[in-house]
Amino acid sequence: MNPDFRCPACGRESFLIHAPRYDGFRKVGEEVKCAACGRVFPEGEIPDGRAPARPAFFSDDDRPARPALFADEGPPPFCRRCRHYVVNPFRQWCGLHRREVDATDTCDRFEARPGADEGEHRS
């Protein structure tokens, strides 16, 4: 679909709809029509009614730089990355505090698990 299509029949900016054409249950072709006015264009005569190009007011130099949210902090100290985090099928457990935790909980006694940066899943 081309959002910059201008229909020669109605003169509005619209989309072209490509719909299958059937003879009974057998597909015999495809019809192309304007989404705004419904005019069906004959097969092989798909118009090139492009809308005029929109002016470019801004260049890539005008866009603001993307902020680095965790640039100097490193990954957040979530329990799922801690060496004391234990997962089994029934609960998530902190071996240090001996209590149930969630994967996104944090605490002051976080110790990074070796190999926690390579992947999020433990085996």
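Structural notes, computed from the coordinates. Quantities reported herein were computed from a predicted structural model and do not represent experimental measurements.

Concerning the overall build of the protein
In terms of helices and strands, the protein carries 0 helices and 8 strands. Sorting the 123 residues of the protein into buried and exposed places 16% on the buried side. For the protein, the exposed area adds up to about 10,100 Å²; of that, 50% sits on carbon and sulfur atoms.

What about the sheet that holds strand β5 (residues 40-41)?
If you walk across this open sheet you meet the 3 strands as β3-β4-β5, and the pairing is antiparallel. Of all the strands in the sheet, the pair left with one neighbour each is β3 (16-23) and β5.

Quick notes on the sheet that holds strand β6 (residues 85-87)
Taken together, 3 strands build an open sheet; the order of strands is β6-β7-β8 and the sheet is antiparallel. Of all strands in the sheet, those bounded by a partner on one side alone are β6 and β8 (99-100). Of the strand pairs in this sheet, β6 and strand β7 (residues 92-94) are connected by 3 bridges, and their pairing is antiparallel. When the bridges of β7 are listed, Val86 appears paired with Trp93.

So, unusual backbone geometry
Across the chain, the bulk of peptide bonds are trans and the bulk of non-glycine residues have phi less than zero. In the Ramachandran plot, Arg98 falls in the positive-phi region, its phi being about 55° despite a non-glycine side chain. On the accessibility criterion, Arg98 (64% relative accessible area) is exposed.

Points about the pattern of salt bridges
For the structure on display, the rule yields 1 salt bridge. Residues Arg83 and Glu111 are paired through a salt bridge, measuring 3.6 Å at the closest nitrogen-oxygen approach. Placement of the pair is Arg83 in the loop between β5 and β6 and Glu111 in the segment after β8, with a sequence separation of 28 residues. Residue Arg83 is classed as partly exposed on the basis of its relative accessible area of 48%.

Structural notes on the state of the cysteines
By the definition in use, this model includes 0 disulfides. In this model Cys7 remains outside any disulfide bridge; the closest cysteine sulfur is found in Cys34, 3.7 Å from its own. Exposure remark for Cys7: the relative accessible area of 2% places this residue in the buried category. The closest cysteine sulfur to the non-disulfide-bonded Cys107 is located on Cys79, 5.6 Å from its own sulfur. In this structure Cys107 comes out as partly exposed when scored by relative accessible area, which is 24%.

Focus: the side chain of Arg113
Of note, Arg113 is situated in the segment after β8. A residue is classified by how much of its surface remains accessible, and Arg113, at 13% relative accessible area, is buried. A distance of 2.9 Å separates a polar side-chain atom of Arg113 from the backbone oxygen of Arg80.

Comments concerning the pairing of β3
With 8 bridges connecting them, β3 and strand β4 (residues 26-34) associate as antiparallel partners. The residue bridging Asp23 from the neighbouring strand is Arg26, located in β4. Between β3 and β4, which pair antiparallel and follow one another directly, the connecting turn spans 2 residues, one of which, Gly24, has a positive phi of 75°.

Rules of the game
Residues numbered from 1 in each chain as written. Predicted model: local features only at pLDDT ≥ 70, side-chain atom pairs only at ≥ 80, totals over all residues. Heavy atoms only, no water. Helix = DSSP H or I, 4+ residues; strand = E, 2+ residues; numbered from the N terminus. Buried < 20%, exposed > 50% of the residue type's maximum accessible area, 1.4 Å probe, protein only. Areas by Shrake-Rupley, 256 points an atom, 1.4 Å probe, with all protein chains shown as cover. Pairing = 2+ DSSP bridges. Salt bridge = Lys/Arg side-chain N within 4 Å of Asp/Glu carboxyl O. Disulfide = S-S within 2.5 Å. Polar contact = N/O pair within 3.5 Å; in protein donor to acceptor, adjacent residues only side chain to side chain.

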